[in-house]
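Chains, contacts and geometry: an overview
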Amino acid sequence: MIQQLFFLYFAFAIVGISLLVVTRRNPVHSVLWMLLLFFHIASLYLFLNSEFMAAIQVIVYAGGILVLFLFVVLLMNIREELRISKFIGAAPTGFTFAVAILVLVLMSIRSFVAAPPGIYSIALIKQETHTKVLGKLLYTEFLYPFEVASLILLVAIIGAIVLAKRRLKP
Amino acid sequence: MVPLHWYMVLSMTVFSIGVFGFLSRKNIIIIFMSIELMLNAVNINLIALSHYIQDMRGQILAFFVIAVAAAEAAIGLAIVIALFRNKATAHVDEVKEMRG
């Protein structure tokens, strides 16, 4: 019962805050609401017994990506932003599309059948600790995708430098 | 015990809010934030499923989603800065050179 109450608080807070993120006029407010949203999502991960993912969520999203967003938001002209309308002309189409996706996927939930449970039970994770289990799996079975992910990050660094550079000298 | 379906409904609601923001906002930075919102909704779903069917692979996938989201944010914001330099605007309806 108390678990469900906690979950309901987090669920309604996450939905409400994400609506606020999408509809605020001032982009700085949107970024700050998004910070609160990421902390709520991290607490939801703690609720699901995955403390490493909660830590990664706070460090990478709240500490890395949002600071990047805040830097770029502060480059733009907030005063002009407050004057003009928030939405493009096709906003009703976007709303209809989003509601249609929601209804479609909610209808398909009813036919969802969960897979048979795997070997990583709560007792095993408790005995070995979550980070160790995740690290073992990441460096043995998923080593190749892990290297590909590091390559993607390298490409992102180089691409960001090339795109944001003032002008390439001939 | 919280039913798994509640997590899935939450994740889908956040995802469709992200779709709405992506399709209807004018400011390009908020469009990027809507993409992050959608990726987070997918992560909630993956981690909840991974907890409920007791398989760690969902969390590994969520880990990779976070790595790709970081790369995507860096590239996207670099594109926004290049757009500022060339057009001095952040509104997607004012960028229409590629319209036929």
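Residues numbered from 1 in each chain as written. Chains lettered and ligands numbered in written order. Predicted model: local features only at pLDDT ≥ 70, side-chain atom pairs only at ≥ 80, totals over all residues.

**Re helix α1 (residues 2–23) of chain A**
- Helix length check: α1 of chain A (22 residues) gives 32 Å between terminal C-alpha atoms against 32 Å at 1.5 Å per residue, within 8%.
- Turning to α1 of chain A, its buried residues number three or more, namely Ala 11, Ile 14, Ile 17, Ser 18, Val 21 and Val 22 of chain A. The arc that holds the buried residues of α1 of chain A, viewed along the axis, is 145°, so those residues lie on one side. In α1 of chain A, the exposed positions angled more than 90 degrees off the buried face are occupied by Ile 2, Leu 5, Tyr 9 and Phe 12 of chain A.
- Tucked into the core, α1 of chain A has its buried residues touching α2 (27–47) of chain A together with α1 (4–24) and α2 (28–52) of chain B. (Helix = DSSP H or I, 4+ residues; strand = E, 2+ residues; numbered from the N terminus. Expected span 1.5 Å × (residues − 1). Buried ≥ 20, exposed ≤ 12 C-beta atoms within 10 Å, placed from the backbone. Arc of directions from axis to C-beta. Contact = placed C-beta atoms within 7 Å.)

**Section: the environment of Thr 13 of chain B**
- Relative to the helices and strands, Thr 13 of chain B resides in helix α1.
- Residues Thr 13 of chain B and Ala 41 of chain B lie 28 residues apart in sequence; the distance between their C-alpha atoms is 8.2 Å.
- Each residue touching Thr 13 of chain B, except ones within four places of it in the same chain, is listed here: Val 15 and Leu 102 of chain A.

**Details of the interface of chain A and chain B**
- Between chain A and chain B, the residue contacts involve 66 residues of the former and 61 residues of the latter.
- Sort the elements by how many residues they give to the side of chain A that touches chain B and helix α5 (residues 91–109) of chain A lands first, with 11 residues.
- Grouping the constituent residues of the side of chain A that touches chain B by class yields 53 nonpolar, 11 polar and two charged. (Nonpolar A, V, L, I, M, F, W, Y, C, P; charged D, E, K, R; others polar.)

**Thoughts on the domain arrangement of chain A**
Residue and element names in this part refer to chain A.
- The domain architecture assigned to chain A consists of domain 1 (1–83) and domain 2 (117–170).
- For domain 1 versus domain 2, the distance between C-alpha centres works out to 22 Å.
- Contact residues are listed per partner, giving four residues for domain 1 and five residues for domain 2. (Domains from an automatic or database assignment.)

**Here we look at the packing of α1 of chain A against α1 of chain B**
- Two elements in contact, α1 of chain A and α1 of chain B, have axes separated by 9 Å at closest approach and are oriented at 5°. As summarised for this structure, α1 of chain A and α1 of chain B are arranged roughly parallel, according to the angle between their axes. Across from Phe 7, Ala 11, Ile 14, Val 15, Ser 18, Leu 19 and Val 22 of chain A in α1 of chain A, the residues of α1 of chain B making contact are Trp 6, Leu 10, Thr 13, Val 14, Ile 17, Phe 20 and Gly 21 of chain B.
- Along the lines of polarity and charge, the residues of the contact of α1 of chain A with α1 of chain B split into 11 nonpolar, three polar and no charged. (Axes fitted to C-alpha atoms, helices over the stretch in contact; angles between N-to-C directions. Parallel < 35°, antiparallel > 145°, perpendicular 65-115°, else oblique.)

**Focus on the environment of Asp 93 of chain B**
- Residue placement: Asp 93 of chain B occurs in the segment after α3 (57–87).
- When the C-alpha positions of Asp 93 of chain B and Gly 21 of chain B are compared, they lie 15 Å apart, and in sequence the two are 72 residues distant.
- Not counting residues up to four positions away in its chain, the partners in contact with Asp 93 of chain B are Ile 88 of chain A together with Lys 26 of chain B.

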